[in-house]
Structures are given as structure tokens and as C-alpha cells.
Amino acid sequence: MTTAAPFQQARGRLKEQAPLAARSWFRTGGAADWLFVPQDAEDLATALRQCPPDLPVTVLGACSNVIIRDGGLPGLTIRLAGGFANIETDGDGLIAGAAALDSSVAETAAQAGMAGFAFLSTIPGSIGGAVCMNAGAYEGDLSTLLDWVEILTREGTIQRLPAPALEMRYRHSSLPEGSIVLRARLKAHGAEDPATIQQTMQEMRASREASQPLRARTGGSTFRNPEGHRAWELIDAAGCRGLRHGGAQISEKHCNFMLNTGDATSTELEELGEMVRARVLDSSGITLHWEIRRLGRPLSPASPS
């Protein structure tokens, strides 16, 4: 993609060779061929309708659970902002835009006395990503709240899907291929005293602070928990706690977290993850699967599996 001509009708901001490292929580990665920040859903639909069918399209949210590879992102990268972060109360629930932070949704629900949202206060991401991966923590996940989701298809049409259509399970939802989450309705688990909800959220955040390296350049949980196991225990048993590769390191505090110690590249982070996977497989016979999304063009042969 070398020209902005196909997007002349779009109203949002379009930038060529846009650096992305500063947007990633790891602070690593290359540039987007084109970065588009749409003004609203119709603006985004207009851009998608102008996209050649074979043009790669990537949507970035909070970039909290992402490795952007050093070769950057091909084609069109979309960042949702502005009105896509709106949150509004809706009867017994909330309607949240895809760019709304999970923690902001939890705070809004708490102020309204809506139960069931507290776990979202500990998840460092946005609602769009939470829908896509059925994000969860503290024995809750998005499937327990989701009523419906509004998506934009690759062809530029808006559809509303009921929660059962997504077939949500552990860290997975079955969204139509190429679709983009625009907003979601989340239904409360009844009413609760706002002060009680705030206390629950404070306790959850304190527990997370005590057990996870939150003040480091990290990307959240690196691997999904295999059925019947905890990923961090398998990693620890394989002798990977504190393991280093270049500027990348497995956290000493919680070994299912990777860290950029200051000068890591995305390649080093991904290669470190693959080293851990190999050691866990060798020691336990269990294959770990990435929870962190790895996007774009690599500059090394790290495995994408």
C-alpha cells in the first residue's frame, strides 16, 4: 500500500509509516504502513468499503496484550478512539464502545451500583479486545456480562450479534472473520451498593499489584492456561523464572509475564516466548499456547505457532 488515494473519502486521520512502538505496552515494534483513526463508525465503514479485498487490515486497541513485530504492520492499521470510547448506562446494563477501557467500564458500573463488572477493573485493555478474546480475571470473564455486540464487517456493513452467536469460551470468541467490534452491551448481575463494589475492586487491584509486575514494560499474561494446569507453574517448573534473552526477560515476580528490561526488541520477546514453550514441552509434555497476540512482519524466524 503506497498511496492514500483509496481513502480520499474518509474523514479520519490517515498517516503513512506511523511508528507504533510507543503505543505498545512493551514499547517495541515497527511502523504501520498506514495508520487510520476514523471519526466514527460510518467513517470506518467508508474506509473499509474502499479497501482492496486483499489488503491486510489490523485493529489496535489498548495494545496491552500485543507484540507488534519489528517489521511493522502491513496494509491498513486502524486505531479506534474518540467516540468509540463512549460508555453509557442502558437500563440494567451498559453500552460500551470498543475503545472504552475495561477499567473505565468497571468504574462506570460501580458508580451505577451494577454488580458483576468488578473483575474488569484489573484487566489492562479495552472492550473490543475483551470481546475478541473473552478476557477474564478473578473467576469472571466477558461472556458472563455480554448481551450483544455490534460489529463492522470487512465489507463495511454493521451487524448486531447476540452473545450466544459468539460461542465464547476460555480466551476465545467466534467473531466473523475480518470483523471489527464497534460496541457491546453488557448486562449487570443485579444491583449492589456502590461502596461495596469499590471495596471489591480495590481488593482485586491490590492482589494484582502484589502478584504481577505491573510497573514494568510488559504485556500481561503471555500464555493461556492449559486445561487442568496453570501456565506459570509449568514455566516455573521448567526453570524459566527470570530467564533472559537479550533485553527480554521472564518476570521473577510472575513467570507468565515477559518484560522489556529496557532495550528489548519484539523479536527478542517472541524468541524468549518460544524458548519457554520449548522448555515447558520438554519438561512436562504440555504445549503452551500464546495469549499475547503477535502481529505484523517478523525480522527473525521466531515461530508463529
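Note that this is a predicted model, so its numbers are computed, not measured. (Residues numbered from 1 in each chain as written. Predicted model: local features only at pLDDT ≥ 70, side-chain atom pairs only at ≥ 80, totals over all residues. Heavy atoms only, no water.)

> Explain the side chain of T153 to me, please; I cannot follow it from the model alone.
Along the polypeptide, T153 turns up in the loop between β10 (146-152) and β11 (158-162). On the basis of relative accessibility, which here comes to 8%, the residue T153 falls in the buried class. Excluding anything up to four places from it in sequence, T153 contacts L48, Q159, G178 and S179. (Helix = DSSP H or I, 4+ residues; strand = E, 2+ residues; numbered from the N terminus. Buried < 20%, exposed > 50% of the residue type's maximum accessible area, 1.4 Å probe, protein only. Contact = heavy atoms within 4.5 Å.)

> Even after reading the chapter, I still don't get helix α4 (residues 194-211), so can you show me in this structure?
Within an α-helix, residues lying three or four positions from one another point in the same direction, as the helix has 3.6 residues per turn. Relative to the 26 Å expected for 18 residues at 1.5 Å per residue, α4 spans 26 Å between its end C-alpha atoms, a close match to the ideal helical length. Within the sequence span of α4, burial applies to I197, M201, M204 and R208. Buried residues in α4, looked at end-on, bunch into an arc of 60°, giving them a common side. In α4, the exposed positions that point more than 90 degrees away from the buried face belong to A195 and A210. Residues of α4 that are buried in the fold lie against α2 (102-111). (Expected span 1.5 Å × (residues − 1). Arc of directions from axis to C-beta.)

> For this particular structure, what's the right way to read the pattern of salt bridges?
Two side chains that carry opposite charge are able to pair once their charged atoms sit near each other. In the structure shown here, the tally under the stated rule is 16 salt bridges. The salt bridge involving D33 is made with R297; its shortest N-O contact spans 2.9 Å. Residue D33 is located in strand β2 (residues 31-37), and its partner R297 is located in the segment after β17 (293-295); the two are separated by 264 residues in the primary sequence. The residue E150 makes a salt bridge to R183 at a minimum N-O spacing of 3.0 Å. You can see E150 sitting in strand β10 and its partner R183 sitting in strand β12 (residues 180-187), a full 33 residues away along the chain. Connected via shared salt-bridge partners are D90, D92, D147, R185 and K187. (Salt bridge = Lys/Arg side-chain N within 4 Å of Asp/Glu carboxyl O.)

> How do you make sense of the pairing of β10 when you look at a structure like this?
The two faces of a sheet get side chains in turn, since along a regular strand they alternate between them. Among the seven residues in β10, six count as buried, and that is most of the element. Where β10 meets β12, six bridges bridge the pair, whose relative direction is antiparallel. When the bridges of β12 are listed, W148 appears paired with R185. In this structure, β10 lies alongside β11, joined through five bridges in antiparallel fashion. Bridged to V149 within β11 is L161. (Pairing = 2+ DSSP bridges.)

> Would you mind going over the sheet that holds β11 with me for this structure?
Adjacent strands of a sheet form backbone hydrogen bonds with each other and so pair up, either parallel or antiparallel. Across the sheet, five strands lie side by side as β6-β7-β12-β10-β11; this open sheet has antiparallel pairing. For this open sheet the edge positions go to β6 (87-90) and β11, each flanked by a neighbour on one side alone. Each adjacent strand pair in this sheet contributes to an overall mean axis angle of 20°, direction not counted. Its contacts with the sheet place α2 against β6, β7 (93-97) and β12, and it is angled at close to 155° to β7. (Axes fitted to C-alpha atoms, helices over the stretch in contact; angles between N-to-C directions.)

> What's the story with the packing of α2 against α4 in this structure? I'm lost.
Each packed pair of helices is defined by two parameters, the angle between the axes and the distance between the axes. α4 packs onto α2 with a crossing angle of 150° between their chain directions and a minimal axis gap of 8 Å. Considering their axes alone, α2 and α4 lie roughly antiparallel with respect to each other. Along its contact with α2, which presents A106, E107, A110 and Q111, the element α4 presents P194, I197, Q198, M201 and R205. (Parallel < 35°, antiparallel > 145°, perpendicular 65-115°, else oblique.)

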